Amino acid sequence: MDATIDIDADSLRTDIERTGDFGSVDAETGLGRTALPADDANVRAREYLVERMESVGLDVRVDAVGNIAGRWTPSAGDPNAAPVVAGSHLDSVPRGGIFDGLLGVYAALEAVRAVRDSGVAVERPLEVVSFTGEEGTRFADGVLGSSVAAGELSVEDALDLSDGRVSLGTALEEAGFRGTGRLDASEWHAWLELHIEQGGHLEEAGVPLGIVTDITGTSRGHVSIDGRAAHSGTTGMHARRDALVAASEFVLNVEETATEIATTGTGTAVGTVGRLNPEPNVVNVVPGNVSMRLDLRSVDQLEIDRQVRAVETSLDDLEHEHGVETSLDIPYEIPPTRLSERVRDTVETAASRHGVETLTLHSGAGHDTMQVANVTDAALLFAPSTGGYSHSPKEWADWSDCAVATRVLAESLALLASNTEQHHTYE
């Protein structure tokens, strides 16, 4: 592979900044955006991506759940060969940053363009994919489109998902992005996703590129504590069944358990109560109910299981100690994901060719890659996060680091697509 693969860093920056304008929010520091699946900002981002894909000469298609794919087939290649695919997502969390997801989509687009224009001989098609609803802010708890592509969620069930007002199918139809068929990730030769790290390890180490070994597993639950609403002035302390007091103890129990497991285990266990809704939520009424959202993670499934058991024990204890009733539902469970050594080794080779130092690390955040990795060989790359910020307008990555990571991504795609004799096998 003697030809040079040149990255247009200015084009990459323009695409990210332009898409970041869709759904932009006021922020004292940084650049923020809100783009939820199939809302106006997300639709504008989708339209811009399709326009950019077509301008680069990709064949664009949209599947039934709104996943967008653009394919380039080299003239001397085999159009029926399993493609090498890269990408990420266009949606954001409320008041998120402009790099989460967007870097992965537009780095993939720039990488494919660069490989195409380099003259490097590749024999497999290259494809850029943007998945629907990775963040879990509307319709599902997360990784919606990639779950469908991996066969974990049917098209029909996905389209029936609702935000409480409208179904995904209807929202996509109204947006003009309800396509046909289903992207099938099991048919891909390999998948790569470039993402901002969302932490400080790379910045602290002074290393420009991270190669992820495994992605955390995640269990997300709904917790409800029912006490008894009562007048705050006339109900004595001994007669209360205060749901918020019980919930407060529960939050501390979750933190204590996660800290203990992280200290004695892999160091990756975390436990969070990220949403808490007391009712009736007025100053002069003892809270009668509290609903909470629970997030438990680790790269070791046994550590997640330990946290779940501790949650169950905590709720049982609260019932006896405070006279409340509790419930726990965990509808979202994704096990830890080990990533492909074959693809990781290819990325290491690509980085070495460009003299780029790398660091191997875990991912404490979930990504579409954890779904895709269940059905094909997959790798996840990280660019350094300035200050470790993410899911915030303060989220930032130096443009030079983005360009370096994109250059390695392009080289990796070319290496993976250059030899059709390396037949893909997955178990």
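1. Some thoughts on the confidence of the model for the protein chain
Looking at the protein chain, pLDDT values average 95 and 97% of them are 70 or higher. Scored below 50 in pLDDT, residues 420–427 shows 18 contacts in the model against residues more than four places distant or in partner chains.

2. Points about the pairing of strand β8 (residues 209–215)
Taken across its seven residues, β8 has seven buried, putting it largely inside the fold. As paired elements, β8 and strand β16 (residues 358–363) share five bridges and run parallel to each other. Note that in β16 the partner of glycine 210 across the bridge is leucine 359. Alignment of β8 against strand β17 (residues 378–383), held across two bridges, turns out to be antiparallel. Paired with isoleucine 211 across the strands is leucine 381, a residue of β17.

3. Some points on a negative patch on the surface
On the surface, a cluster of negative charge is made up of Glu312, Asp316, Asp317 and Glu321. Here aspartate 316 shows up in helix α9 (residues 301–322).

4. Looking at empty space enclosed by the protein
Think of a ball as big as a water molecule: rolled over the atoms, this probe shows where empty space is left. The final tally for this structure, using the stated rule, is two cavities of 30 Å³ or more. The computed volume of the largest cavity comes to approximately 50 Å³. Lining of the largest cavity is provided by Pro37, Asn42, Arg46, Leu90, Asp91, Ser130, Phe131, Thr132 and Gly133. Contributing elements (two or more residues each) for the lining of the largest cavity: α2 (40–56) and β6 (126–131). Counted by class, the lining of the largest cavity contains three nonpolar, four polar and two charged residues. Computed from the structure, the second largest cavity encloses a volume of approximately 30 Å³. Around the second largest cavity sit Asp91, Ser92, Val93, Gly96, Gly97, Asp100, Glu135, His391 and Glu395, which together line it. Taken together, the residues of the lining of the second largest cavity break down into one nonpolar, four polar and four charged.

5. Side note on unusual backbone geometry
Going from glutamate 279 to proline 280, the amide bond is cis rather than trans, its omega being 5°. Not every positive phi belongs to a glycine, and valine 143 is a case in point at roughly 40°. Its location among the elements puts valine 143 in the loop between β6 and α4 (144–149). Its identity is not glycine, yet asparagine 281 carries a phi of approximately 65°, on the positive side. Within the element layout of this structure, asparagine 281 appears in the loop between β11 (270–279) and β12 (285–286). The exposure class of asparagine 281 is exposed, given its relative accessible area of 58%.

6. Regarding the packing of α2 against helix α3 (residues 102–118)
Here α2 crosses α3 at 5°, and the two axes come no closer than 11 Å. Put simply, α2 runs roughly parallel to α3. Listed contacts from α3 to Ala45, Tyr48, Leu49, Arg52, Met53 and Val56 of α2 are Val105, Tyr106, Leu109, Arg113 and Arg116. Residue composition of the contact of α2 with α3, grouped by class: eight nonpolar, no polar and three charged.

So, how was this worked out
- Residues numbered from 1 in each chain as written.
- Predicted model: local features only at pLDDT ≥ 70, side-chain atom pairs only at ≥ 80, totals over all residues.
- Heavy atoms only, no water.
- pLDDT = per-residue confidence, 0-100.
- Contact = heavy atoms within 4.5 Å.
- Buried < 20%, exposed > 50% of the residue type's maximum accessible area, 1.4 Å probe, protein only.
- Helix = DSSP H or I, 4+ residues; strand = E, 2+ residues; numbered from the N terminus.
- Pairing = 2+ DSSP bridges.
- Patch = residues over 30% accessible without salt bridge, like charges linked within 9 Å, V, L, I, M, F, W, Y side chains within 5 Å.
- Areas by Shrake-Rupley, 256 points an atom, 1.4 Å probe, with all protein chains shown as cover.
- Salt bridge = Lys/Arg side-chain N within 4 Å of Asp/Glu carboxyl O.
- Lys, Arg positive; Asp, Glu negative; His and termini not counted.
- Charge placed at Lys NZ, Arg CZ, Asp CG, Glu CD.
- 1 Å grid on protein atoms, 1.4 Å probe; cavity = no way out; pocket = protein on both sides within 12 Å on 5 of 7 lines; lining within 4 Å.
- Points joined across faces, edges and corners; volume = space filled by probe spheres on them.
- Nonpolar A, V, L, I, M, F, W, Y, C, P; charged D, E, K, R; others polar.
- Axes fitted to C-alpha atoms, helices over the stretch in contact; angles between N-to-C directions.
- Parallel < 35°, antiparallel > 145°, perpendicular 65-115°, else oblique.

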